[in-house]
Amino acid sequence: MIGNSPTVPSLHSVYQDYFKIGAAVNSVTIDSQKSLLAKHFNSITAENEMKFELLHPTEHQYTFERADEIAAFAKQNGMKMRGHTLVWHNQTPDWVFTNEAGAPASRELLLQRMEHHITTVMERYKEQIYSWDVVNEAISDDASEFLRPSKWLDIIGEDFIAKAFEVAHKVDPNVSLFYNDYNESHPEKREKIYRLVKSLVEKEIPIHGVGLQAHWNLSRPTLEEIRAAIERYASLGLQIQITEMDVSVYDWEDRRTDLTQPTEEMKERQEQLYEQIFQLFREYRDVISSVTFWGVADDYTWLDDFPVRGRKNWPFVFNEQHHAKGSFWKIVNFNQK
Ligand code: GLA
């Protein structure tokens, strides 16, 4: 059944007593998926348009057009926004880390630039954004390493994280500030994220939440791992947001390329998982303040190119024709309270 048909309930309305329901959008999908967006989501995140390289390509130039369009779309549709993302090792232009002579920027210069960027961007979208991803993906995936090597870390040192939160809080003391990362439910990485966030909380750095990116698949993480991650982060007294959820039909190691549609087995497993995961989210409604999918419907997902270029994936609860999938019905049909 087409997702905007009157007999399909609005996802965010079903969840109004639980948490916001969000989707990542881009300049194309605010048009191509607009009726699904308007009906089912009350929060959006710009997939790329608020990242450093798109907003601030050269030192004295901010390019807000595409982000402004997305913010206007949110306003027209009465939606709130998540801000993504202020400080990240990726999609950040080289000029940020280089001085006029072409040598590495000094700590002072980089801190100044960080402050300028955070201030300008946050001021612009102040009324609309309820939470910002202040620092994205600072933890290493390598078991022998704590923080991920990056130019932020090299030049500023470990306190680049604390500094970013302090600046963001100064700009807008009312917005909630998040640390956001992936593989957040894998026990080893979970413990490193916990250690980082705990150290910020202990130093009274203004951090309000942990973002679980939730790029998951049909076998990992397990429900028990997700539950343990939510419990662990929430034990620090912080909010949780699910920030980039998708459920790939392929396991990480699975590089097959022969499918033109998901197998029956994949569909069934995906439905079962969506049902269980949302049941778990509902259980933790007191700590989870929003759940954002990293897209809207299966006609567009970044997973079509990752990790296997050009391979179609079907990670969402709406299909390529914007119809509600079995997974959709599994997450809306539950006994409310
Ligand atoms: C990470 C980032 C997102 C996005 C995805 C891939 O999770 O946080 O901004 O780039 O990778 O789409």
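Use the structure listed above.
The structure contained in this document is the topic of the report that follows. Nothing here was measured: the structure is a model prediction, and the numbers come from that model.

Calculation criteria
Residues numbered from 1 in each chain as written. Predicted model: local features only at pLDDT ≥ 70, side-chain atom pairs only at ≥ 80, totals over all residues. Heavy atoms only, no water. Near = heavy atom within 4 Å. Polar contact = N/O pair within 3.5 Å; in protein donor to acceptor, adjacent residues only side chain to side chain. 1 Å grid on protein atoms, 1.4 Å probe; cavity = no way out; pocket = protein on both sides within 12 Å on 5 of 7 lines; lining within 4 Å. Sits in = over half its atoms within 2 Å of the grid points. Nonpolar A, V, L, I, M, F, W, Y, C, P; charged D, E, K, R; others polar. Buried < 20%, exposed > 50% of the residue type's maximum accessible area, 1.4 Å probe, protein only. Helix = DSSP H or I, 4+ residues; strand = E, 2+ residues; numbered from the N terminus. Pairing = 2+ DSSP bridges. Phe/Tyr/Trp six-rings, centres within 6.5 Å; stacked < 30°, edge-to-face > 60°. Lys NZ or Arg CZ within 6 Å of the ring centre and 35° of its normal.

With respect to spatial proximity, the complete set of residues near the ligand consists of K51, H84, W88, Q91, N136, E137, Q213, H215, E244, W294 and W302. H84 is positioned with one of its side-chain polar atoms (N or O) 2.5 Å from an oxygen atom of the ligand. Of all the cavities here, the one that holds the ligand is the largest pocket. The residue inventory of the shell around the ligand, partitioned by class, reads three nonpolar, five polar and three charged.

On to the pairing of strand β3 (residues 80–88). Burial within β3 is extensive, with eight of its nine residues counted as buried. Where strand β2 (residues 43–46) and β3 come together, three bridges link them in parallel fashion. Bridge pairing in β3 links T45 to R82. Of the pairings in the sheet, the one linking β3 to strand β4 (residues 129–136) comprises six bridges and is parallel in character. Within β4, the residue paired with R82 across the bridge is S131.

On the secondary structure map, Q261 appears in the loop between β8 (239–248) and α11 (264–283). Separated by 98 residues in sequence, Q261 and K163 have C-alpha atoms that sit 46 Å apart.

Here the focus is the packing of aromatic side chains. Geometrically, a pair of aromatic rings is defined through the distance of the ring centres and the angle of the planes. In total, this model carries 21 aromatic pairs according to the counting rule given. Summarising the aromatic geometry, the rings of F278 and F293 are spaced 6.0 Å apart at their centres and angled 15 degrees between planes, so their arrangement reads as stacked. In this pair, F278 sits in helix α11 while F293 sits in strand β9 (residues 288–293), placing the two residues 15 residues apart along the sequence. Side by side, F278 and F293 carry an identical accessibility label, which is buried. An aromatic cluster of at least three residues, connected via ring pairs, comprises Y15, Y18, F19, F41, W216, Y274, F278, F281, F293 and F334. Positioned over the ring face of Y182 is K189, at 3.7 Å from the centre of the ring. When the ring centre of Y250 is taken as reference, the NZ or CZ atom of R311 above it lies at 3.6 Å.

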